[in-house]
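Single-letter residue listing:
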Amino acid sequence: MTPTSLITGASSGLGTEYARQLARRGDRLVLVARDTARLEALASELRSAGAGAVEVLAADLCSAEGVAAVADRLADPARPVRTLVNSAGFGLPLSFETNDIEDEVRHLRLHDEVPMRLMHAVLPSMLAARSGVIINVASVSAFMPRSTYGAAKAWLVLFSRWANDRYRARGVTVTAVCPGYTHTDFHARLGLAKGEEGIPRWMWLQAPRVVAESLRDVGRGRAVSVPSRRYRAIYTISRFAPSRLMARLAARGR
């Protein structure tokens, strides 16, 4: 049976690139996001490129109803999902004290509670089949103090490390992907044009490379994937550098 991959946040950013690369390897796809028009446009593009079955599931993951709809799809025994990519997310300014607290709560739920619920929904069928892959798109910010974004991504990394150790022997791997600054429309949605981050050009990555490297690490069963040598070096340094220094470095950009 052709495997099925479900991707949240598929209408933009790394979610779109995961959809493209998983389609090229022959997976059936379930594309999840709020924007139906953008999902349909991506589905049309993938079908035109020769992808197999592409299912569109429009759902607002900031709502209980949207999460329930996706969880029900993941738990459907008649249509098993063998790869789950948790890529939905959004960013906030680093000034926690002036951010709207309800925005912060939605931010925390989308980055941590939603992936937890979706993993809980899909794991029983994956474990029963002794086959499954879960990809949690985190961030290199998980390894450094960076307001609530880094904190939320740190939870995702720690849970993925535990879950990979827990379930790998039973056929299911869980990988936290931790990219650095990557050219997608993520920053445009924050109201920033390319180059406004104040980040040196050498620190920017291209989405196709990030996804390709992460899928190689997923294939090796790694719990954490940090695409590119430059960010693996930063990850290594962050383990030993003083927190104050890492916080100053992390404060660059938005």
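The structure under discussion appears in the preceding block.
Please read all numbers here as calculations on a predicted model, not as lab measurements.

Undergrad: Can you help me understand the overall build of the protein in this one?
TA: The number of helices and strands found in the protein is eight helices and nine strands. When burial is assessed residue by residue, the protein has 51% of its 254 residues classed as buried. In the protein, of all internal contacts separated by at least 6 residues, the share reaching a separation of at least 24 is 67%. A total of about 12300 Å² of accessible surface is found on the protein, and carbon and sulfur atoms cover 53% of it.

Undergrad: Sorry, what's going on with the nonpolar core here?
TA: For soluble globular proteins, nonpolar side chains are generally found buried alongside one another. Formed by 40 residues in total, the largest nonpolar core has its most connected members in Ile7, Tyr18, Leu29, Leu31 and Leu46. Of all elements in the fold, only α1 (13–24), β2 (28–33), α2 (36–48), β5 (132–137), α5 (147–167), β6 (172–177), α6 (207–219) and α7 (229–238) reach the threshold of two or more residues within this core. Leu61, Leu110, Val114 and Leu127 belong to the second largest nonpolar core, which has 27 residues in total.

Undergrad: Help me understand empty space enclosed by the protein, please; the structure alone is not making it clear to me.
TA: A probe matching the size of a water molecule, rolled over the atoms, marks out where space remains unfilled. Evaluation of the coordinates by the stated rule reveals one cavity of 30 Å³ or more. Volume-wise, the largest cavity comes out at about 50 Å³. Contributing elements (two or more residues each) for the lining of the largest cavity: α4 (101–129) and α5. The leading source of residues in the lining of the largest cavity is α4, at five residues. Grouping the constituent residues of the lining of the largest cavity by class yields eight nonpolar, four polar and one charged.

Basis of the calculations
- Residues numbered from 1 in each chain as written.
- Predicted model: local features only at pLDDT ≥ 70, side-chain atom pairs only at ≥ 80, totals over all residues.
- Heavy atoms only, no water.
- Helix = DSSP H or I, 4+ residues; strand = E, 2+ residues; numbered from the N terminus.
- Buried < 20%, exposed > 50% of the residue type's maximum accessible area, 1.4 Å probe, protein only.
- Contact = heavy atoms within 4.5 Å.
- Areas by Shrake-Rupley, 256 points an atom, 1.4 Å probe, with all protein chains shown as cover.
- Core = buried A, V, L, I, M, F, W, Y, C linked by side-chain atoms within 4.5 Å.
- 1 Å grid on protein atoms, 1.4 Å probe; cavity = no way out; pocket = protein on both sides within 12 Å on 5 of 7 lines; lining within 4 Å.
- Points joined across faces, edges and corners; volume = space filled by probe spheres on them.
- Nonpolar A, V, L, I, M, F, W, Y, C, P; charged D, E, K, R; others polar.

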